[in-house]
Amino acid sequence: PVGRPPYWRVMRRAVNSRTRPAVAVGVALCAAFLAGCTPGSGSKGFLPNVVLITIDTLRADRCSLYGYQRTTTPFLDELSRRSTVFENAYATSSWTAPSMASLFTSLPPRSHGVVNGFTWDGKVVNQDYLSDDVETLAEVLRRHGYKTFGVSTNPHLSAETGFAQGFDHLTELWWEPAGAVNVKTLLLRDRLAQADRYFLWVHYIDPHHPYEAREPWFSTYQRQHAEKEPEDPEMAKLYRSLVERGDRYDSEINHADEHIRELFTELRLESDALVIVTADHGEGFLDHGTVGHGKSLYEEEIRVPLLVRLPNQVEPRRAASPVSLTDLYPTILDVLHIERPLGLGGASLVLAVRGEGELERAIATELHRGNLRDGTLRWRQWKLYRRDQPTPFVNLFDLQRDPRERRDLSSEEPELRSDMERRYAAWEQGTPGVTGARKVAPFGQNEAERERLRALGYL
């Protein structure tokens, strides 16, 4: 249970206390040997800076980086030419808190315990607290000599909710746009320059709802629709309403991309830094009947962009195998030749990042928020989607032939469905869970509040 160290924490402490001197010597010798052949991963004095950029609510298929018809991510397109791009990267859930908790702990939501919560009048209520019994990525890096800085624009990711663990300095800018984020981040420039090595995490809220009409992109997109409007006035009004939402969203992506370019330029992020750019989750636009996120585990809500630029990387690479945000923690440590804590749920992507091979394993996602109990398993091109409540169903999709998940194959492929269900059950049984997570600002203490929660689907 949360409140005492889970078994993997106890094991890590016990093993580290006995083996840390020997492991440290081994790691140092290995790092010295590899210094000549692996850029940025040599001796302790040559550990690279680490920059992690996360973009809120950015679905992969709306990025020109992934073939979208609009050029929404010109800077990321450029960055991809000297990075490894993961074609099938998945958040562990379809909303911010559990997904980012997984990134920082390398644990699935059921294991780190951050599965519920929401915002009310701009404030976070009933969110599960990220327990300090779990060692975060920032804590490990700080323990190895990194100065750690974070800039968060989403109140789900705050000191109050447990996400400041390991950060020497966390700037909280709730719902502030990319321009304000850059202003505050650039105030850290002197402190970054004075650090022997640093870990910088910047979380942009754009393109989270409500989408702003960012110029010049929004007007350009609007003009593209003028000739397509239905002749009927009412239908034309509905058409404009639907497409405007998408146009605003795309303009917000451009806006964020432009400011990420500015940040890289102003901070002079050298080529010898380890750079990662990704998102916490995606966004639905009636793809499966809903708008927004945290409502399903279809591809539009969980497939995210992921770029990893190794220190001094100069050639582009693409990796097709499914990967998870839980993989970033062990990947970063492996690139830095830092000993990994025991019990991490993710796998290192170093071989894929270096173009030396890819992992093939199942990737799971979860959504246990309010009255929803959803889970998925991605294995090769197959995806099992199971909803236990409120209305149970089991779907099976072939994402290679049906990337938009339009055709359920569960009845046509009963043996494959059974195999996927067995794999998912085995993952559930082999993945430890936590109970009794502490809540941040509990809500629903009286009947009026409970009625409001029920109306939102949280009860």
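Bear in mind that the values here come from a model prediction, so they are computed numbers and not experimental data. (Residues numbered from 1 in each chain as written. Predicted model: local features only at pLDDT ≥ 70, side-chain atom pairs only at ≥ 80, totals over all residues. Heavy atoms only, no water.)

Caption draft 1: Structural context of the layout of surface pockets. Of the voids in this model, the largest pocket is the one considered here, and its volume is about 870 Å³. Along the wall of the largest pocket there are 32 residues; nearest its centre are Arg59, Asp61, Arg62, Asp287 and Arg404. Taken together, the elements giving at least two residues each to the lining of the largest pocket come down to α9 (233-267) and α10 (299-302). At 7 residues, α9 tops the list of elements feeding residues into the lining of the largest pocket. Residue composition of the lining of the largest pocket, grouped by class: 10 nonpolar, 7 polar and 15 charged. (1 Å grid on protein atoms, 1.4 Å probe; cavity = no way out; pocket = protein on both sides within 12 Å on 5 of 7 lines; lining within 4 Å. Points joined across faces, edges and corners; volume = space filled by probe spheres on them. Helix = DSSP H or I, 4+ residues; strand = E, 2+ residues; numbered from the N terminus. Nonpolar A, V, L, I, M, F, W, Y, C, P; charged D, E, K, R; others polar.)

Caption draft 2: Focus on the side chain of glutamate 299. Position of glutamate 299 among the secondary structure elements: in helix α10. A distance of 3.0 Å separates a polar atom in the side chain of glutamate 299 from a polar atom in the side chain of lysine 383. Every residue in contact with glutamate 299, bar those within four places of it in the chain, is listed here: Tyr90, Lys383, Leu399, Pro403 and Glu405. (Polar contact = N/O pair within 3.5 Å; in protein donor to acceptor, adjacent residues only side chain to side chain. Contact = heavy atoms within 4.5 Å.)

Caption draft 3: Here's a closer look at the sheet that holds strand β2 (residues 84-86). Within the open sheet, the 8 strands sit side by side as β8-β7-β9-β1-β10-β14-β2-β15. Their pairing is mixed. Each of the sheet's edge strands pairs with one partner strand only, and the pair in question is β8 (169-172) and β15 (317-319). Along the sheet, successive strands turn relative to each other by an average axial angle of 10 degrees, direction set aside. Taken together, the 2 bridges between β2 and strand β14 (residues 306-309) define a ladder with antiparallel strand orientation. When the bridges of β14 are listed, valine 85 appears paired with leucine 307. Relative to the sheet, helix α11 (residues 328-336) contacts β1 (50-55), β10 (274-279) and β14, its axis offset from that of β10 by approximately 175 degrees. (Pairing = 2+ DSSP bridges. Axes fitted to C-alpha atoms, helices over the stretch in contact; angles between N-to-C directions.)

Caption draft 4: Looking closely at the packing of helix α6 (residues 178-186) against α9. α9 packs onto α6 with a crossing angle of 15 degrees between their chain directions and a minimal axis gap of 9 Å. Taken together, the axes of α6 and α9 are roughly parallel relative to one another. When the axes of α6 and α9 are compared, the crossing they make is right-handed. Facing Ala178, Gly179, Asn182, Thr185 and Leu186 of α6, the residues of α9 in contact are His255, His259, Glu262, Leu263, Glu266 and Leu267. In terms of residue class, the contact of α6 with α9 is made up of 4 nonpolar, 5 polar and 2 charged. (Parallel < 35°, antiparallel > 145°, perpendicular 65-115°, else oblique. Left-handed = near helix turned anticlockwise from the far one by under 90°.)

Caption draft 5: Spotlight on the packing of aromatic side chains. Counting across every chain of the model gives 13 aromatic pairs. On the numbers, 5.0 Å between centres and 85 degrees between planes, the contact of phenylalanine 104 with tryptophan 201 is edge-to-face. Here phenylalanine 104 is found in helix α3 (residues 96-105), whereas its partner tryptophan 201 is found in strand β9 (residues 198-204), with 97 residues between them in sequence. Phenylalanine 104 gets classed as buried once you look at its relative accessible area, which sits at 3%. (Phe/Tyr/Trp six-rings, centres within 6.5 Å; stacked < 30°, edge-to-face > 60°. Buried < 20%, exposed > 50% of the residue type's maximum accessible area, 1.4 Å probe, protein only.)

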